[in-house]
Amino acid sequence: MHAKGRVAVIGAGIAGLSCAWDLHKAGVDVQVFERDAQAGGRMSTRTKDMLAFDLGANFLVRAYSNVFQLAEELGVGLRTVSPVDHAVYRDGTARLLHFSSVRGMFRMDCLGLWSRLRVLRFLLKVRLRYPLLDFFHLSSLSTQLNKEDAYSYARRKVGQEFADYIVDSFNGCMMFHRASEISAAAFLSLFRMMADPAYDFGIYHAQGDMQAISDAMARSLSVHTSCPVTELRQEGSGWRLMCARGSPFFDRVVLATTAGVAHHLLRDGPAMQRDLVAGTRYSSTVNVSFRVPKQALGQTHCFYVPFCENRLISEFTNEALKGDHTTHQGWSLVNVGLHESGALPLLEQSDEQIFAAVAEQLLALHPDLQADQLKPYDLQRWREAIPKYDCQHVERVRQFEKQAQGDSGLFLCGDYLNSPWLEGACRSGRRAARAVLSDLARG
Ligand SMILES: Cc1cc2nc3c(=O)[nH]c(=O)nc-3n(C[C@H](O)[C@H](O)[C@H](O)COP(=O)(O)OP(=O)(O)OC[C@H]3O[C@@H](n4cnc5c(N)ncnc54)[C@H](O)[C@@H]3O)c2cc1C
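Residues numbered from 1 in each chain as written. Predicted model: local features only at pLDDT ≥ 70, side-chain atom pairs only at ≥ 80, totals over all residues.

Asker: What's the story with the overall build of the chain in this structure? I'm lost.
Answerer: For the chain, the count of helices and strands is 14 helices and 19 strands. Computed over C-alpha atoms, the radius of gyration of the chain comes to 22 Å, within 12% of the 22 Å expected from 2.2 N^0.38 for 443 residues, which places it in the range of a compact globule. Principal-axis analysis of the C-alpha atoms places the extent of the chain at approximately 65 × 50 × 40 Å. Restricting to contacts in the chain with at least 6 residues of sequence separation, those with at least 24 account for 74%. (Helix = DSSP H or I, 4+ residues; strand = E, 2+ residues; numbered from the N terminus. Rg over C-alpha atoms; globule rule 2.2 N^0.38 Å. Contact = placed C-beta atoms within 7 Å.)

Now the structure itself:
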């Protein structure tokens, strides 16, 4: 099939690239416009001194079926770094997590015995009652389930310990904000996925680092880097873009930036699209990395740090476990994520101040690390890190998708469209591509 029409995709993160990739494969004339010097957005890697720092996304899991399929099509190798240990802090000590088997769960001493039994019962119920919950497309979740936040739901159904040390802790690590800010349905679907034996807590990483996936797609597409779109003007049935390459005209436009940028570009856009992006909230964080001796953190890959244990650090990962290429001359990286409330006051501070504040807390959490082993390496400030999928947001996106996607030849995609993480963003891009194709077919 060769669909007629010129399509512009604004933003070369995984959502925009996946959309452009599917359009390109369907024979559409598609061009991608990217603000930064390289594609990737929140899935980018910066390499210096022979060590690679994933600035945003830094792992994949087996459940990312669309990302795995893309990587295979593009010839990008994905390798597993499992089996690895995961640990959660309780009373100042890192305790191992064993979520993937019933026997393992009884050994999880981050929770009391009574809580473990209740979690187990809860888990079995969730598996039986909600076999089809899809974390990567939250619009598919039942409206009925989407009325309460995850923290109060977990406390009511299982108990305070579970809410603090598992639910709030995972949300802090993976979303950087509190479980009271995400819908119970969204968390339930994440939990459902993680509790599936097929999930196995295995961590995957791209050969050539996360950047490899976006680079491979960008090479096969027409991508204009260092080319921010500054304005969008509706003209007849299409859109004119203002950018460093002039003011090209397109029949359809896919806006694949974060909601904040989309809000700015949609000043004259359709009302429902404008309202959706105006109402989208993100957590902010800073991703900080230190050089450490490669054995410094042992065999534990990810340390989850609940908010009730530390107000600054939400998680840290041992990059040495990702493979030999992540170590150089006996050094590797520890990658630290921050809780939003700890990160907000740091966003305006200097790099030195941020490194000092984070190092102090990291040393307190991991007493085996020595101050002289911890060398500031790199950091990235994220003002729009991860969307907050609270109940109102999930419902607003659901309505938008039913009524306004594609209005006036303008399509939205990205993780904020009820499509969390890399897999969600990739699927959102692919859904937008399908919508563009049927719109073009209608003429
Ligand atoms: C610190 C951190 C850690 C994370 N860890 C993980 C993880 O381990 N695993 C996981 O699955 N997910 C993780 N995520 C989430 C994941 O990175 C995102 O969900 C995903 O990358 C979002 O992709 P996107 O295409 O929707 O948006 P983005 O990647 O933000 O893409 C938007 C693109 O638009 C471009 N742009 C902006 N303005 C303009 C303009 N005016 N003109 C043209 N282009 C413009 C941007 O430069 C960017 O390239 C993490 C996120 C962060 C911040």
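Asker: Any chance you could explain the environment of S341 here in plain terms?
Answerer: Here S341 is to be found in helix α11 (residues 340-343). Sequence separation between S341 and H301 is 40 residues, and the spatial gap between their C-alpha atoms is 24 Å.

Asker: Which parts of the structure should I look at to understand the nonpolar core?
Answerer: The tendency in soluble globular proteins is for nonpolar side chains to be buried side by side. The biggest cluster of nonpolar side chains holds 133 residues, and the ones touching the most others in it are V9, C19, V167, F187, V254 and L422. Among residues more than four places away in sequence, those in contact with L422 are I14, M43, A57, L60, Y64 and V67. (Core = buried A, V, L, I, M, F, W, Y, C linked by C-beta atoms within 7 Å. Buried ≥ 20, exposed ≤ 12 C-beta atoms within 10 Å, placed from the backbone.)

Asker: What is the right way to read the sheet that holds strand β1 (residues 6-10) from this model?
Answerer: Think of a sheet as strands paired side by side through backbone hydrogen bonds, with each pair either parallel or antiparallel. Taken together, the five strands give an open sheet; going across it, the order is β9-β2-β1-β13-β19, and neighbouring strands pair in parallel fashion. Only two strands of the sheet have a single neighbouring strand rather than two, namely β9 (222-224) and β19 (410-412). The average undirected angle you get between the axes of adjacent strands in this sheet is 20°. Sheet analysis places strand β13 (residues 252-255) next to β19, joined by three bridges and oriented parallel. Paired with V254 across the two strands is F411, which belongs to β19. Where helix α1 (residues 14-25) meets the sheet, it contacts β1, β2 (29-33) and β13, and its direction lies at approximately 165° from that of β2. (Pairing = 2+ DSSP bridges. Axes fitted to C-alpha atoms, helices over the stretch in contact; angles between N-to-C directions.)

Asker: Help me out: how do you make sense of the site of the ligand in this one?
Answerer: The local shell around the ligand holds 34 residues, among which G11, G13, A15, G41 and W421 are the closest. Those elements that provide at least two residues to the shell around the ligand are α1, β14 (282-293), β18 (375-387) and α14 (421-442). Residues belonging to the shell around the ligand are distributed by class as follows: 18 nonpolar, eleven polar and five charged. For the shell around the ligand, the domains that each give at least three residues are domain 1 (6-43 + 209-279 + 399-442) and domain 3 (282-387). (Near = placed C-beta within 6 Å. Nonpolar A, V, L, I, M, F, W, Y, C, P; charged D, E, K, R; others polar. Domains from an automatic or database assignment.)

Asker: It is not clear to me how the pairing of β1 should be interpreted in this structure. Could you clarify?
Answerer: Within a regular strand, side chains alternate between the sheet's two faces. Within β1, four of the five residues are buried, leaving the element largely enclosed by the surrounding structure. Sheet topology places β1 next to β2; five bridges connect them, and they run parallel. Within the sheet, the bridge partner assigned to V7 lies in β2 and is V30. Handedness of the β1-α1-β2 crossover: right-handed. Bridge analysis of β1 against β13 gives four bridges, and the strand direction is parallel. Pairing of V7 across the sheet is with R252, part of β13. (Right-handed = clockwise from strand over helix to strand, strands pointing away.)

Asker: Could you clarify how one ought to interpret the sheet that holds strand β16 (residues 313-318) in this entry?
Answerer: The strand order across the open sheet built from seven strands is β7-β6-β15-β16-β17-β14-β18, with neighbouring strands paired in mixed fashion. Since the sheet does not close on itself, it has two edges, and those belong to β7 (93-96) and β18, each with one partner. Adjacent strand axes in the sheet meet at a mean angle of 20° when their direction is disregarded. In this sheet, β16 lies alongside strand β15 (residues 300-304) in antiparallel orientation, the contact comprising three bridges. In the sheet register, F303 faces β16, and the bridge partner there is F316.

Asker: How should unusual backbone geometry be read in this particular structure?
Answerer: What is expected of a backbone is that most residues other than glycine have negative phi and most peptide bonds are trans. Positioned with a positive phi, D49 is a non-glycine residue whose angle comes to about 50°. Note on placement: D49 falls in the loop between β3 (45-48) and β4 (51-54). D49 gets classed as exposed once you count the C-beta atoms within 10 Å, which come to 10. One non-glycine residue with positive phi stands out, namely S226, at about 50°. Take S226: there are 11 C-beta atoms within 10 Å of it, and that puts it in the exposed class.

Asker: Looking at this structure, I do not really get the domain arrangement of the chain. What am I missing?
Answerer: Interfaces are often sized by the accessible area lost when the parts come together. Taken domain by domain, the chain comprises domain 1 (6-43 + 209-279 + 399-442), domain 2 (85-194) and domain 3 (282-387). Once you take the C-alpha centre of each, domain 2 and domain 3 turn out to be 24 Å apart. On the side of domain 3, 22 residues touch domain 2, which itself brings 17 residues to the contact. Counting residues per element, the ones that place at least two in the side of domain 2 that touches domain 3 are β6 (85-90) and α6 (160-175). Counted by class, the side of domain 2 that touches domain 3 contains nine nonpolar, four polar and four charged residues.

Asker: Looking at this structure, how should I read the packing of α1 against α14?
Answerer: In a packed pair of helices, the relevant descriptors are the angle between the two axes and the axis-to-axis distance. Remark: α1 packs on α14, axes separated minimally by 7 Å, with the N-to-C direction vectors making an angle of 40°. Overall, the two elements α1 and α14 adopt an arrangement that is oblique. Relative to α14, α1 is oriented so that their crossing is right-handed. Contacts between α1 and α14 pair I14, A15, G16, L17, S18, C19, D22 and L23 from the former with L422, A425, C426, S428, G429, R430, A432, A433 and V436 from the latter. (Parallel < 35°, antiparallel > 145°, perpendicular 65-115°, else oblique. Left-handed = near helix turned anticlockwise from the far one by under 90°.)

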